Amino acid sequence: MRLARSISLRALLLLAPVLWLGSCATRRPDSALLERFEFAQPQMGVPFHIVLYAANSSEAEAAARAAFARIRQLNDALSDYDADSELSRLSRTSGEGRAVPVSEDLWLILHRSQALAARTGGAFDVTIGPCVSLWRKARREKKFPRSDLLAEARAASGWQKLRLHPRTRAAELLVPNMKLDLGGIAKGYAVDEALKVLSDRGLTRALVSGGGDMAAGDPPPGKRGWRIALAWLDATNALPPQFVLLARSGLATSGDAFQHVEIGGLRYSHIIDPRTGLGLTDHSLVTVIARDCTTADSLATAVSVLGPDEGLKLLEATPGAAGRIVRKPGLQMETRTSPRFELED
Ligand code: AMP
Ligand code: MG
């Protein structure tokens, strides 16, 4: 899946040191036998990393291989880029008046997505695909989408046009030309599932990340958590790094730093406001910590759309969730955090 395909190499190099500070492999008596291992592989259009503690390299390598295989399997099912993916095949049934039974993974993601869509009044919306396609084109051509095409894309979008049938675990796309896009949630699910593969093999002290979204298991030996440096709004607005401690939870970052288009002096994000069908113009970076990364990833996208006031309320109302919103509405940068958000010294 090319969920974040347009992150440039330069952007990744910038992101890497910011988002990816694994913990130090300090050995303590209780974990004298555990060694630290690191693996990286491109998946879903971004680099995925695994850091884990294991007794030996063969155990570590076998587990990492299985975890990456799980991510690949999810990409094959959930990609909106691959015309043969389960998701694309489902999208092609739109408007046919039938409900299509879906795999357990796709069901789970669609179910979670629709629950968040309902909670956010449609700010989080996986039916936004037609508008996303239009904005990808706008970005390539640096031209605002034509109004008739925008109207068509909006007519084929809207979370209430996706109906889920729990008894048969089937999905029905109610109008023609719909296109589902899981870019706001699938990476979070992928890192959660990869972490599960590792812990099923007994490797619970692990951290899996993909393009800035990460799922943390138990902390490294002798530590209280994985020390993660938070990203700033963009390189020009970078302040001294701030850290959070992550354990048995997920962290996701959403923002327009690396994916946006400038048209007529206005900067539009790759995140779409479903109320208008247009890319967000609010220059922001949202970091969310939650019980798992599926939740963190989808909330981060939703909070980006909702803006700071409603977004922080959403985080407060979600058990175990916390977050930080950095914006630059004018010349000044503004940072707001939800009450549960805790920085590490
Ligand atoms: P993220 O980087 O996790 O915030 O996800 C952004 C991606 O989610 C975009 O590239 C689109 O694929 C998709 N997307 C855009 N707007 C929305 C939205 N309002 N709700 C859900 N997904 C969206
Ligand atoms: Mg997201």
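Each value, and the rule that gives it
- Residues numbered from 1 in each chain as written.
- Chains lettered and ligands numbered in written order.
- Predicted model: local features only at pLDDT ≥ 70, side-chain atom pairs only at ≥ 80, totals over all residues.
- Heavy atoms only, no water.
- Helix = DSSP H or I, 4+ residues; strand = E, 2+ residues; numbered from the N terminus.
- Buried < 20%, exposed > 50% of the residue type's maximum accessible area, 1.4 Å probe, protein only.
- Near = heavy atom within 4 Å.
- Polar contact = N/O pair within 3.5 Å; in protein donor to acceptor, adjacent residues only side chain to side chain.
- Areas by Shrake-Rupley, 256 points an atom, 1.4 Å probe, with all protein chains shown as cover.
- Nonpolar A, V, L, I, M, F, W, Y, C, P; charged D, E, K, R; others polar.
- Core = buried A, V, L, I, M, F, W, Y, C linked by side-chain atoms within 4.5 Å.
- Contact = heavy atoms within 4.5 Å.
- pLDDT = per-residue confidence, 0-100.

Right, let's talk about unusual backbone geometry for a bit. The backbone of methionine 44 shows a phi angle near 50°, a positive value even though the residue is not glycine. Here methionine 44 is to be found in the loop between strand S1 (35-43) and strand S2 (46-54). Given a relative accessible area of 3%, methionine 44 falls into the buried group. Notably, arginine 169 is not glycine yet its phi reads approximately 50°, a positive angle. Assignment of secondary structure puts arginine 169 in the loop between strand S4 (162-165) and strand S5 (170-173). Residue classification places arginine 169 among the partly exposed residues on the basis of a relative accessible area of 39%.

Taken together, 15 residues form the shell around ligand 1, and within it Asp125, Asp181, Ser254, Ile272 and Thr301 come nearest. Serine 254 is positioned such that a nitrogen or oxygen atom in its side chain is 2.4 Å from an oxygen atom of ligand 1. Taking aspartate 297, its side chain carries an N or O atom lying 3.0 Å from an oxygen atom of ligand 1. Out of a free accessible area of 490 Å², ligand 1 has 96% covered by protein chains. Looking at which element gives the most residues to the shell around ligand 1, the answer is helix H8 (residues 293-306), with three residues. Its residues placed into classes, the shell around ligand 1 shows seven nonpolar, five polar and three charged.

A word on the nonpolar core. Buried together is how nonpolar side chains tend to be arranged in soluble globular proteins. Counting 68 residues, the largest nonpolar core has Ile50, Leu52, Leu78, Leu90, Leu110, Leu182 and Leu198 as its most contacted members. Among the elements that line this core, the one with the most residues is helix H2 (residues 57-78), at nine residues. With sequence-adjacent residues up to four places away left out, isoleucine 50 is seen in contact with Phe37, Glu38, Phe39, Ala64, Ala67, Phe68, Leu198, Leu207 and Val208.

Time to look at the confidence of the model for the chain. Scored by pLDDT, the chain has a mean of 89; 89% of the residues are at 70 or more. Counting interchain partners and residues more than four positions distant, the pLDDT-below-50 stretch residues 1-29 has 68 contacts.

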